[in-house]
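Coordinates in review
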Amino acid sequence: MTARRGDAGDAVQAVSDRRSAMALSLLEQARKQGELRADADADADPETVLGQVAGALYHRVLVTGRPRDAVYVDRLVGGVLRGVRALRP
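As a starting point, this report considers the structure included with it.

Computed from the structure, the largest pocket encloses a volume of approximately 440 Å³. Together, 15 residues line the largest pocket, and S16, R19, S20, A54 and Y58 are the ones closest to its centre. Looking at the lining of the largest pocket, the elements with two or more residues in it are α1 (6-32) and α2 (46-64). For the lining of the largest pocket, the element with the highest residue contribution is α2, accounting for 8 residues. Of the residues that constitute the lining of the largest pocket, the class distribution is 10 nonpolar, 3 polar and 2 charged. What the second largest pocket holds in volume is close to 250 Å³. The set of elements that each furnish at least two residues to the lining of the second largest pocket consists of α1, α2 and α3 (70-84).

Listed below in structure tokens is the structure:
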């Protein structure tokens, strides 16, 4: 991460890493249990899935200034998960 002060960038990165760890762990567990599509390895990679959700949230808050209400978050997460969820017969 770049920052005017390297120690500030390191601190922001450390906080981000801690916040992401739980979500990444849950997504990795879902992948290992076959809950994510096997034919979408790159798309269903936990870091990619988290990036899709987090990137959209950051954009909404920091770029557009629009609220991140429950309806938006449900639609966002649902849309991403529909794209990578394993289909069950």
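Additional details are given in the paragraphs that follow.
Turning next to a nonpolar patch on the surface. On the surface, Y58, V61, L62 and V63 cluster together into a nonpolar patch covering about 430 Å² of accessible area. The topology assignment puts V63 in helix α2.

What counts, and where the lines are drawn
- Residues numbered from 1 in each chain as written.
- Predicted model: local features only at pLDDT ≥ 70, side-chain atom pairs only at ≥ 80, totals over all residues.
- Heavy atoms only, no water.
- 1 Å grid on protein atoms, 1.4 Å probe; cavity = no way out; pocket = protein on both sides within 12 Å on 5 of 7 lines; lining within 4 Å.
- Points joined across faces, edges and corners; volume = space filled by probe spheres on them.
- Helix = DSSP H or I, 4+ residues; strand = E, 2+ residues; numbered from the N terminus.
- Nonpolar A, V, L, I, M, F, W, Y, C, P; charged D, E, K, R; others polar.
- Patch = residues over 30% accessible without salt bridge, like charges linked within 9 Å, V, L, I, M, F, W, Y side chains within 5 Å.
- Areas by Shrake-Rupley, 256 points an atom, 1.4 Å probe, with all protein chains shown as cover.
- Salt bridge = Lys/Arg side-chain N within 4 Å of Asp/Glu carboxyl O.

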